[in-house]
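Here are the chains, one letter per residue:
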Amino acid sequence: MTVQIDVKGPAEQADQGGGKGSGKPPRIQPAGGKDRVFSPVNVFSHTVLIAWSILVVVPFLWALIASVKSTGEIFGDNPWALPKELLWSNFSKAWDKGVGDYLFNSVVVVTGGVFGTMLFGSMVAYVLARYEFPGNRFIYYLFAAGMMFPTFLAIVPLFFVVKGFDMVSTYQGLILVYIAYSLPFTVFFMHAFFRTLPTSIAEAALVDGASHATTFFRVMLPMAKPGLISVGIFNVLGQFNQFVLPSFLSPEKPVLSQGIATLLGSQRYENDWGTLFAALTIAMVPVIVVYLIFYRQVQAGLTGATLK
Amino acid sequence: MRHGSYRFVASFLAIPLALYAIFVISPFAQAFYYSLTDWTGISPKFEFVGLENFKTLTRDAVFRTALGNNVVLLIGVPLITILLALTFAYLLNVGGRANSAGVQGVRGNGFYKLAFFFPQVLSVPVIAVIWSVVMNSTDNGLANSVTRRLGLGSSEYLASPDLALYCVMWVMIWGSVGFYLVLFNAAMSGIPKDIFEAAIIDGAGRAATFFRITLPLLWDTIQTAWVYLAILALDAYALVAVMTAGPGGPDNSTQVMGLQIADNGFQYGRAGYASAMGVVLFFLTLIIAAIMLRATRRDRIEY
């Protein structure tokens, strides 16, 4: 995509930045003076940014609206038209097609998975961040390396490991696997967080006679709450959206993202697209709500690890 | 180290380490071992065949296609994503007003970050389903209805062997730009303001500030972004499996390594062979990470 902009006005210095802005040094103005709101650079920036926002938001809005349309309206002469009547029955049809079960499976697995991940992840991170013992560094790097492994290298043997425990298509199988695969990031993130907490409080608790475990659960964990929230939301979204692991490890008990993919396959023959979009909406709405409430933590959690 | 703390450390590490060893470490290790066998995945018996699987791989036309497609994604996805994300992050940061306090961010900064980032929080199947319907190859598909109105005619998108891979690439880029925008934006805000102020007093314009100050100081982050995007491009399984019928697209035009591993491992009963593909994928990831980190190595700037 190349966007050309004609920068007119007093700034006519040639700009090599491909229209990224005028090369003009900013005018020094008195503090509190009126700002130039409509500079060409500003208008250009907004145009480009709004264009991309539209490109991102429109497909979702269109999908949300399509969830109350009939197939004829979705692929009619004008796919942009608003629905004549709102077909809420799409949602009950989607629910009957198994979306209710998929959602339930997802909720059970994510609840167990996130709880286990947060508990075990912070336990490991705490011990690694606060205690010196032989092998500390080794265990830390073992977990950190887990973030770089391509899941596909492990997927075939992993299936047989899970099968060996007789846990294919079971909740406990998925929960344990989710925990194991979420540990690297959680440990990495919480490790950094525990390092920033002051040592004096933990030491005071230990001097007062609290055991190491009590100190962790009663003193350190509550202090780590902001970190726990960030990484917790990250894990909720990550596990709720997990697709590759359940597709292979839980073929008989599909989670929501997996069920959506299956539904698309069957719609190619059944031609009932309104139902598919209703299912999509059921899958999207919880995520949208979580995102809108916590988007600062989501962005902080996701970018936090990469920036370190 | 007080008395009793070893026991405490061990008790805290035992269960998580066991889980990690069983479900993460051991499958990875096993994959290397199985790659040297003719294991079917069904029968418990298998023979050690040495490098036979890897020799077969070099003659496997479908795998070569898959590898080639992954390479196309590997080049296109990071390059375009980073360029777009950098441009947007820069516009967000300096597209605003210019006054004595220097150049400022655009208004609605928060809204843009909220909107751009959004695809990142949805699951790949959701995104794949939406885009596969948007790119419906009939005249009444959403994308076609727009291009027809603009007088550009219609395209077959995912049904066309020439276009399908680029459609997948587009969805990947579209989904990733927001994340890297936020990442670059966070890195840009981490640069101390006085560096910019000093440059502006010295007469540097927006372009000069960007190329001489922002870009060099962002180098570390860009490097990290590149490695992560390369890993993403080497995967591509979920998008291809959901978006393109087949799956693998018309004429294997969207075939990727992940899909080949899944097919061989779970459908054709060639688990050993699939493991060999996994090993190739692993070393490819490693090599790319090493090359990227070396090629873009600069002196680290502390501030």
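Everything quoted here is computed from the prediction, not taken from an experiment.

**Comments concerning the overall build of chain A**
Inference 1: Counting secondary structure elements, chain A contains 12 helices and 0 strands.
Inference 2: Going from the N terminus to the C terminus, chain A shows its helices and strands as α-α-α-α-α-α-α-α-α-α-α-α.
Inference 3: Relative to its full complement of 308 residues, chain A shows a buried share of 54%.
Inference 4: Sequence separation of 24 or more characterises 69% of the internal contacts of chain A that already satisfy a separation of 6 or more.
Inference 5: Element-wise, carbon and sulfur atoms account for 65% of the exposed surface of chain A, whose accessible area totals about 14100 Å².

**A closer look at the overall build of chain B**
Inference 1: Scanning chain B for helices and strands turns up 12 helices and 2 strands.
Inference 2: Across chain B, helices and strands are ordered from the amino to the carboxyl terminus as α-α-α-β-β-α-α-α-α-α-α-α-α-α.
Inference 3: On the principal axes, the C-alpha backbone points of chain B span a range of 75 × 75 × 35 Å.
Inference 4: Within chain B, contacts between residues at least 6 apart in sequence are counted, and of these 64% link residues at least 24 apart.
Inference 5: When the accessible surface of chain B is summed, it comes to about 13000 Å², and 61% of that surface belongs to carbon and sulfur atoms.

**Let's talk about the packing of aromatic side chains**
Inference 1: Counted according to the given criterion, the structure contains 49 aromatic pairs over all chains.
Inference 2: Look at W52 of chain A and F88 of chain B: their rings are 5.3 Å apart centre to centre, the planes differ by 50 degrees, and that puts the pair in the tilted class. Residue W52 of chain A is located in helix α1 (residues 40-66), and its partner F88 of chain B is located in helix α3 (residues 61-94); the two belong to separate chains. By the burial criterion, W52 of chain A is buried, and F88 of chain B matches it.
Inference 3: Just above the ring of Y171 of chain A sits the side chain of K253 of chain A; from NZ or CZ to the centre is 4.1 Å.

**Overview of the UniProt feature "domain: ABC transmembrane type-1" (unreviewed entry) in chain A**
Inference 1: The feature "domain: ABC transmembrane type-1" (unreviewed entry), as given by UniProt, occupies residues 103-294 of chain A in the numbering adopted here.
Inference 2: Overall, residues 103-294 of chain A shows 82% helix and 0% strand. The separation of its end C-alpha atoms is 21 Å.

**Observations concerning unusual backbone geometry**
Inference 1: Of note in the backbone geometry, D166 of chain A takes a positive phi value of approximately 60 degrees without being a glycine.
Inference 2: Within the secondary structure layout, D166 of chain A lies in the loop between α5 (151-164) and α6 (171-196).
Inference 3: The phi dihedral of Y157 of chain B falls on the positive side, at around 45 degrees, and the residue is not glycine.
Inference 4: For Y157 of chain B, a relative accessible area of 12% translates into the label buried.

**Quick word on the pattern of salt bridges**
Residues and elements named next belong to chain A.
Inference 1: Applying the stated criterion across every chain, the model contains 1 salt bridge over all chains.
Inference 2: Of the charged contacts, one joins K93 and D272 as a salt bridge, the two residues approaching to 3.7 Å between their closest N and O atoms. Pair noted here: K93 is in helix α3 (residues 89-130) and D272 is in the loop between α11 (256-270) and α12 (273-307), with a separation of 179 residues, a long-range link.
Inference 3: On the basis of relative accessible area, K93 is assigned to the partly exposed category, the value being 39%.
Inference 4: Looking at D272, the relative accessible area reads 17%, which means it is buried.

**A few points about the UniProt feature "transmembrane region" (unreviewed entry) in chain A**
Inference 1: According to UniProt, the feature "transmembrane region" (unreviewed entry) maps to residues 43-65, 102-126, 138-162, 174-194 and 273-294 of chain A in the numbering used here.
Inference 2: Helix makes up 100% of residues 102-126 of chain A and strand 0%, and the two end C-alpha atoms of the span are 35 Å apart.

**Some points on the environment of D101 of chain A**
Residues and elements named next belong to chain A.
Inference 1: If you trace the backbone, D101 turns up in helix α3.
Inference 2: Overall, D101 belongs to the exposed group, its relative accessible area being 52%.
Inference 3: On a C-alpha basis, the gap between D101 and K253 in space is 8.7 Å, while along the polypeptide they are 152 residues apart.

**Quick notes on the confidence of the model for chain A**
Reading predicted coordinates in detail is not appropriate for stretches of low pLDDT.
All names here are of chain A.
Inference 1: Taken over all residues, the pLDDT of chain A has a mean of 83, while the share at 70 or more is 86%.
Inference 2: In this model, residues 1-25 is a region of pLDDT below 50 whose contacts with residues beyond four sequence positions or in other chains number 30 contacts.
Inference 3: Of the regions scoring below 50 in pLDDT, residues 27-35 engages in 11 contacts with residues more than four places distant in sequence or in other chains.

**A word on the confidence of the model for chain B**
Residue and element names in this part refer to chain B.
Inference 1: Of the residues in chain B, 92% reach a pLDDT of 70 or more, and the chain-wide mean stands at 86.
Inference 2: Across chain B, the secondary-structure element scoring lowest on mean pLDDT is strand β1 (residues 98-99), at 54, and the one scoring highest is helix α1 (residues 5-34), at 94.
Inference 3: The complex model carries a pTM of 0.85, and its ipTM stands at 0.87.

**Overview of the nonpolar core**
Grouped burial of nonpolar side chains is what soluble globular proteins tend to show.
Inference 1: Residues Y181 and F194 of chain A together with F23, F88, F184 and Y237 of chain B are the most contacted members of the largest nonpolar core, which totals 200 residues.
Inference 2: Once you skip the residues sitting within four places of it in the chain, Y181 of chain A turns out to touch T151, A154, L158 and L245 of chain A together with F23, V24, P27 and F28 of chain B.

**A look at the interface of chain A and chain B**
Inference 1: Of the residues lining the interface, 106 residues belong to chain A; the matching set on chain B comes to 110 residues.
Inference 2: Taken together, the two surfaces of chain A and chain B that pack against each other cover about 9800 Å², and 80% of this comes from carbon and sulfur.
Inference 3: The largest contributions to the chain A side of the interface with chain B come from W52, F152 and L153 of chain A, which together make up 8% of the buried area.
Inference 4: Across the contact surface, chain A and chain B share 0 salt bridges.
Inference 5: Counting the contacts that link chain A with chain B gives 9 residue pairs in polar contact (both at pLDDT 80 or more).

**Notes on the side chain of T81 of chain B**
All names here are of chain B.
Inference 1: For T81, the position within the fold is in helix α3.
Inference 2: With relative accessibility at 0%, the residue T81 sits in the buried group.
Inference 3: The contacts of T81, once residues within four sequence positions are left out, are I173, S176, V177, Y180 and L229.

**With respect to the UniProt feature "transmembrane region" (unreviewed entry) in chain B**
Residue and element names in this part refer to chain B.
Inference 1: Following the UniProt record, the feature "transmembrane region" (unreviewed entry) maps to residues 12-36, 71-93, 114-134, 163-183, 225-245 and 273-293 here.
Inference 2: Counting secondary structure, residues 114-134 comes out at 71% helix and 0% strand; the distance between its end C-alpha atoms is 23 Å.
Inference 3: Helix makes up 86% of residues 225-245 and strand 0%, with an end-to-end C-alpha separation of 31 Å.

**Re the environment of F63 of chain B**
Residues and elements named next belong to chain B.
Inference 1: With respect to the secondary-structure elements, F63 resides in helix α3.
Inference 2: With a relative accessible area of 4%, F63 lands in the buried category.
Inference 3: Remark: the alpha-carbon pair of F63 and V256, spanning 193 residues in sequence, is separated by 7.8 Å.
Inference 4: Beyond its immediate stretch of four places on either side in the chain, F63 contacts L57, M257, Q260, M277 and V280.

**Some points on the packing of α6 of chain A against α1 of chain B**
Inference 1: Across the interface, α6 of chain A lies against α1 of chain B with an axial gap of 9 Å and an inter-helix angle of 90 degrees. Between α6 of chain A and α1 of chain B, the crossing angle belongs to the class labelled roughly perpendicular. Contacts from L176, V177, I179, A180, Y181, L183 and P184 of chain A in α6 of chain A reach P16, L19, Y20, F23, V24, P27 and F28 of chain B in α1 of chain B.
Inference 2: Counted by class, the contact of α6 of chain A with α1 of chain B contains 14 nonpolar, no polar and no charged residues.

Scoring rules and cut-offs
The numbers attached to residues start from 1 for each chain and follow its sequence in the written order. Numbering of ligands from 1 and lettering of chains from A proceed in the order in which they are written. Restriction of local features to residues with pLDDT of at least 70 applies here, the model being predicted, together with a cutoff of 80 or more for giving and counting side-chain atom pairs; totals for whole chains, interfaces and linings are based on all residues. Excluding hydrogens and water, the side-chain figures rest on all heavy atoms present in the structure. Runs of H or I in DSSP of at least four residues are treated as helices and runs of E of at least two as strands, each being numbered from the N terminus. Burial status follows relative accessibility: with a 1.4 Å probe on protein chains alone, a residue under 20% of its type maximum counts as buried, one over 50% as exposed, and anything between as partly exposed. The contact criterion used throughout is that any non-hydrogen atoms of two residues lie within 4.5 Å. All accessibility values rest on the Shrake-Rupley procedure with a 1.4 Å probe; residue burial counts only the protein chains present in the view. Any pair of Phe, Tyr and Trp rings, taking the six-membered ring for Trp, is counted once the centres come within 6.5 Å. Such a pair is stacked with planes under 30 degrees apart, edge-to-face with planes over 60 apart, and tilted for the rest. For a Lys NZ or an Arg CZ to count as sitting over a ring, it must be within 6 Å of the ring centre and within 35 degrees of the ring normal. UniProt positions are given in the numbering used here, feature names are shortened, and annotations may be inferred rather than shown by experiment. By convention in these notes, a salt bridge is any Lys or Arg side-chain nitrogen within 4 Å of a carboxyl oxygen on Asp or Glu. Confidence scores labelled pLDDT are given residue by residue by the predictor and lie between 0 and 100. Each nonpolar core is a collection of buried residues, namely Ala, Val, Leu, Ile, Met, Phe, Trp, Tyr and Cys, held together in the definition by side-chain atoms within 4.5 Å. Defined in terms of a 1.4 Å probe, buried area is the accessible area two parts forfeit on being brought together, summed over both. In the analysis that follows, any N or O atom pair within 3.5 Å is treated as a polar contact, provided that within protein one partner can donate a hydrogen and the other can accept it, and provided that, for residues neighboring in sequence, both atoms belong to side chains. Think of each axis as a best-fit line through the C-alpha atoms, taken over the contacting stretch in the case of a helix, with angles from 0 to 180 degrees between the N-to-C directions. Working definition: roughly parallel below 35 degrees, roughly antiparallel above 145 degrees, roughly perpendicular at 65 to 115 degrees, and oblique for all remaining angles. Put simply, Ala, Val, Leu, Ile, Met, Phe, Trp, Tyr, Cys and Pro go in the nonpolar bin, Asp, Glu, Lys and Arg in the charged bin, and everything else, Gly too, in the polar bin.

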